[in-house]
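Here's the letter readout for the chains.
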Amino acid sequence: MKLRKPYVILIGSASGIGKSTIASELAKELGIKHLIETDFIREIVRGVIGPEYAPALHKSSFDAYVTLKDKKRYDGNTNGLIGAGFEEHASFVIPAIEKVIKRAVDDYDDVVIEGVHLVPGLIDIDKFKDDASIHFFVLTANEDIHKERFVKRAMKIKRGGKHLEYFKENRVINDYLVERALEYGIPVINNEKIDCTLKRMLTLIREICRVMLFKHTVDQLEEETDIILDKYGGRIVDVSYFLPGFGEPLKRKVNVYDPVEAKRLITQLNKNPKRKKDLEGLYNLSDNVHSHKICAPNEDSLNEMVKELEASGFIFQREDEKKG
């Protein structure tokens, strides 16, 4: 029997998005006992490297930019300056984070690491993929939710006053991390509700999936995605069209798990008549029949999802199956 690779789950976000809460709940759900904040790793690094050698390290992530020597490069680009300072700050912590990951993998220990210092593109996750089941997420939230949580967190840990003045900088860091995540193919999870966030992350982590045949029109896409993504926290991995005259199906990877993003894409489709007509032509060629690989946070959710899709008429049944 092949042993499961140890989980290494990385959760990055700006301060106040809610990553600590999500990390704790996710560790509990997966039975992972090692939960580490990158702030603690940073403190160890600070003890080794003094402020005279790494002034950005000894500032907070959101005000490290004040230590940069080439600020003039960013005249008129405040966001670029804040991002550069943050990157400089995080770059000192990342080698130590990678050492922690290596130790966990060598000891075959599952670990959840959360913190602002987990920057897509700076931390090298590829070197651990052969030996660990590694999953990297960046959490975000809209500005109003972020601000409310940021204030609550600052008051809770008794960092009011000056700390609260840095929301703008933290918002810049949020946007920077989201942009980097999209650039490097790291899932971005909109953390509006804890249970929804956990479902989406578990859907990506557990890979509890099934390939199903669907039959519906382009106009029914929104209803289909509402059931799979919104109601059950599921994911649509791909779509395959069965076209006459082709030996193999036309397969496209979509990897859609965010209902907000799905609604945005469907709205764009409806606003573009030519693009919608082209997709309808593809659907018509296959008599509206296609397959999806769909995933869910757990087996029960997957079974319930399939039942609802069947009841709503989305699952295609051949005539011999109907008779059976």
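See the structure above.
The notes below deal with the structure included here.

The rules we used
Residues numbered from 1 in each chain as written. Predicted model: local features only at pLDDT ≥ 70, side-chain atom pairs only at ≥ 80, totals over all residues. Heavy atoms only, no water. Helix = DSSP H or I, 4+ residues; strand = E, 2+ residues; numbered from the N terminus. Pairing = 2+ DSSP bridges. Axes fitted to C-alpha atoms, helices over the stretch in contact; angles between N-to-C directions. Patch = residues over 30% accessible without salt bridge, like charges linked within 9 Å, V, L, I, M, F, W, Y side chains within 5 Å. Areas by Shrake-Rupley, 256 points an atom, 1.4 Å probe, with all protein chains shown as cover. Salt bridge = Lys/Arg side-chain N within 4 Å of Asp/Glu carboxyl O. Lys, Arg positive; Asp, Glu negative; His and termini not counted. Charge placed at Lys NZ, Arg CZ, Asp CG, Glu CD. Buried < 20%, exposed > 50% of the residue type's maximum accessible area, 1.4 Å probe, protein only. Phe/Tyr/Trp six-rings, centres within 6.5 Å; stacked < 30°, edge-to-face > 60°. Lys NZ or Arg CZ within 6 Å of the ring centre and 35° of its normal. Expected span 1.5 Å × (residues − 1). Arc of directions from axis to C-beta. Polar contact = N/O pair within 3.5 Å; in protein donor to acceptor, adjacent residues only side chain to side chain.

So, unusual backbone geometry
Residues apart from glycine generally show negative phi values, whereas peptide bonds are mostly found in trans. Positive phi outside glycine occurs at Tyr-108, with the angle close to 55°. Residue position: Tyr-108 is located in the loop between helix H3 (78–106) and strand E3 (111–114). Of note, Asn-288 is a non-glycine position whose phi angle comes to about 65°, a positive value. Checked against the element boundaries, Asn-288 lands in the loop between helix H9 (273–285) and strand E9 (289–296).

A short note on the sheet that holds strand E2 (residues 34–37)
Strand order across the open sheet formed by five strands is E2-E3-E1-E4-E5, with parallel pairing between neighbours. Of all the strands in the sheet, the pair left with one neighbour each is E2 and strand E5 (188–190). Ignoring which end each strand starts from, the neighbouring axes of this sheet average 25° apart. As defined by bridge partners, strand E4 (residues 133–140) adjoins E5 across three bridges and the pair is classed as parallel.

Here we look at a negative patch on the surface
Residues Glu-143, Asp-144, Asp-175, Glu-179 and Glu-183 make up a contiguous surface patch of negative charge. Examining the composition of the negative patch, we find that three residues originate from one element, helix H5 (residues 167–183), more than from any other. Relative to the elements of secondary structure, Glu-183 occurs in helix H5. Here Glu-183 falls in the exposed class, since its relative accessible area comes to 54%.

Observations regarding the packing of aromatic side chains
Following the criterion strictly, the structure yields four aromatic pairs and no others. Against the face of Tyr-7 rests Arg-4, its NZ or CZ located 4.4 Å from the ring centre.

Observations regarding helix H4 (residues 143–156)
When the terminal C-alpha atoms of H4 are compared, their 20 Å separation across 14 residues agrees well with the 20 Å that a helix rising 1.5 Å per residue should span. Every buried residue of H4 is accounted for by His-146, Phe-150 and Ala-154. Projection of H4 onto a plane perpendicular to its axis shows the buried side chains occupying an angular sector of 60°, all on one side. Opposite the buried face of H4, at more than 90 degrees from it, the exposed residues are Asp-144, Lys-152, Met-155 and Lys-156. For H4, the side-chain oxygen to backbone nitrogen distance between the N-cap and Asp-144 is 3.1 Å, and the N-cap itself is Asn-142.

It is worth stressing that arrangement in space is one thing and function is another; only the former is reported here.
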